[in-house]
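# Geometric and topological summary
If you want the building blocks of each chain, they are given just below.
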Amino acid sequence: MNFRSYQVPYQINEQYAKKAAYFSMEFAIHQPLKIYSGGLGYLAGSHLRSAYELRQNMIGVGILWKYGYYDQARNQDQTLQVTFMEKIYSFLEDTGIKFQILIHEHPVWVKAYYLNPETFNSAPLFLLSTDLPENDYVSQTITHRLYDANVATKVAQFILLGVGGAKLIDELGFNPDVYHLNEAHGISSAFYLLNKFKSVQKVKEHLVFTTHTPEEAGNEKHDIYLCHKMSYFCGLSIDEVRKLTGITDDQFNHSLAALRFARKANGVSALHGEVSREMWKNYEGICPITSITNAQNWRYWADKQMYRAMEEGNDEVYDDRKKFLKKRAFEIVADQTGKVFDPNVLTIVWARRFAGYKRADMLTYDMERFEKMLSNAKHPVQIIWAGKPYPVDYPAISQFNNLVHLSKNYKNVAVVIGYELALSKRLKQASDIWLNNPRVPREASGTSGMTAAMNGAVNFSTDDGWIPEFVNHGNNGFVVPKADYANMTTHDQDEYDLNKAYEILEQQIIPLYYEDHDTWRQIMKNGMRDVRFQFDSNRMAHEYYEIMYK
């Protein structure tokens, strides 16, 4: 294949003829390609799958992480062990493209690899690597670990994605109409494009930005002098950067810069759009912020047999299939933990990235009610936890380890490791209740509940992110009613959510599952039906063309 005047290698649907390049630090396309950490990657993966399904004129630009994010293993006492192992992918093609970019005023060689659309049914994906013999060791480490804990390395990774990605596109001769930044990691591309187009207006015409952060503190900032020293600004002086970005202090705020360089930005749920507009309203010169709610690829995630049974109205086959899916997933639980779960028992799953605000351990805040729920012989319950904390987020790792120790006291509580795409699908199939309880309004969207619903799990969530657009309480899921969170302390908010969650579990969810299974089944089906189109990423990929790229 000729990569020098690259074109998307399939017939493009006229509706999506505009050329787009989609930049993301991580992509979760399929289990073998371990270059993602969590939700941002799952979203990008589903987006590329839908771009392929809809035959959109889009390419993905990312980084080939030699050691991935990390491999989740266990210490002797079953607590979390962070391990790194090099990944080798025979299915990636060498494009033969090699070029240099400046990092830390020093030329660094970059090589581009290619994931063919046919390999995993995704839009074409180009992945950059600096792990080359031509580079010194420090430069090689830029593409070793996703979200490296070393600040200078991380800034170098941002430069590689932005500047390296934009330069790759020139090497390919792709000439996109739209450069789409999925989160602000790649905003260094704006400085590269400024050198290319010689006008801020021109850069703006080409740049759109998706923000995923619902709070100011979550937006990445780095010392502006460090960024300058690292060659982040493509030869501009700090004074010129200040003039261009309107940043007056010494912290370079990547999201703020993106909002000033893009012609349009979007939040990732209706609620997040509102939160974002509110958060940035006092800043001058930022682009309009709309919203496109995140979604996940139905074809990849959904259990087609459950959908078929539902469409045929065959409840026996439907129930049987769900039971089979639970049983199969419980084999993994038994293998890892030595606990044999029962497919007839109500199973609650909490599985996603471990982060403080997501409150993985919320149900354990009240041990008395936790004990009572787990020891109820008439209406038994099983709980599974899984997820990867960030490798240097020690509070989140402690939280994970505390749950591991807690689980040793119960036959019906398990904590499993290796939460990646494959296990994620299995745990969604294992789940009757998909528990999601972030502190409102800190979850920009959340997408795990969408794919859970596609596998017959019922969502039970606090009212955050995408949930207000989906859950109709008692009809297709369950939701903790919003309180006046803005005027509550964190402690009061936790207390309120905890009590409400137990109230709904004890009085509604658990009795319903055991005493009125026909209604329960209907709730499952309603969830499957409601998620099918509205939260399939084909809808989302279409909306990006309609709303953001036009």
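Below you will find a few notes about this structure. (Residues numbered from 1 in each chain as written. Predicted model: local features only at pLDDT ≥ 70, side-chain atom pairs only at ≥ 80, totals over all residues. Heavy atoms only, no water.)

### What to know about the pattern of salt bridges
- Within the structure shown, the criterion is met by 31 salt bridges.
- Where Arg321 meets Asp303, a salt bridge forms, and the shortest distance between an N and an O atom there is 2.7 Å. Taken as a pair, Arg321 in helix α13 (residues 315–337) and Asp303 in the loop between α11 (298–301) and α12 (304–311) lie far apart in primary sequence, 18 residues in all. Assigned by exposure class, Arg321 and Asp303 land together as buried.
- For Arg359, the salt bridge goes to Asp494, with nearest N and O atoms at 2.6 Å. Here Asp494 lies in helix α18 (residues 490–515) and Arg359 lies in the loop between β14 (346–351) and α14 (367–374), a separation of 135 residues in the sequence. For the pair formed by Arg359 and Asp494, the shared burial category is buried. (Salt bridge = Lys/Arg side-chain N within 4 Å of Asp/Glu carboxyl O. Helix = DSSP H or I, 4+ residues; strand = E, 2+ residues; numbered from the N terminus. Buried < 20%, exposed > 50% of the residue type's maximum accessible area, 1.4 Å probe, protein only.)

### A closer look at the sheet that holds strand β13 (residues 289–291)
- Overall, mixed pairing links the nine strands, which are arranged β5-β6-β7-β2-β1-β8-β9-β12-β13 in an open sheet. Strand pairing shows two members of the sheet lacking a second neighbour, β5 (93–102) and β13, which therefore form its edges. Here the strands of the sheet are splayed against their neighbours by 25° on average, with no regard to which way each runs.
- Here strand β9 (residues 207–210) runs beside strand β12 (residues 264–267); their pairing, made up of three bridges, is parallel. Along β12, the bridge assignment pairs Thr210 with Asn266. (Pairing = 2+ DSSP bridges. Axes fitted to C-alpha atoms, helices over the stretch in contact; angles between N-to-C directions.)

### Some thoughts on the sheet that holds strand β17 (residues 433–436)
- Strand order in the open sheet formed by six strands is β16-β15-β14-β17-β18-β19, with parallel pairing between adjacent strands. Of all strands in the sheet, those bounded by a partner on one side alone are β16 (413–416) and β19 (477–480). Ignoring strand direction, the axes of neighbouring strands in this sheet form an average angle of 20°.
- Here strand β15 (residues 381–386) runs beside β16; their pairing, made up of four bridges, is parallel. Bridging from a neighbouring strand, Trp385 pairs with Val415 of β16.
- Strands in contact with α13 are β14, β15 and β16; relative to β16, the strand with the most contacts, it is inclined by about 80°. (Contact = heavy atoms within 4.5 Å.)

### What to know about the environment of Lys198
- Mapped onto the elements of the fold, Lys198 is located in the loop between α5 (188–197) and α6 (200–206).
- With 122 residues separating them along the chain, Lys198 and Gln76 place their C-alpha atoms 58 Å apart.
- Side-chain polar atoms of Lys198 contact the backbone oxygen of Asn195, separated by 2.3 Å. (Polar contact = N/O pair within 3.5 Å; in protein donor to acceptor, adjacent residues only side chain to side chain.)

### Observations concerning α14
- Of all the positions in α14, only Phe370, Met373 and Leu374 are classed as buried. All buried residues of α14 project into a common sector of 90° when viewed along the axis, lining one side. For α14, exposure combined with an orientation more than 90 degrees from the buried face picks out Glu368 and Lys372.
- Among the structural elements, β14, β15, α15 (394–407), β16 and α18 are those in contact with the buried residues of α14. (Arc of directions from axis to C-beta.)

Read these as spatial facts, not as claims about activity.
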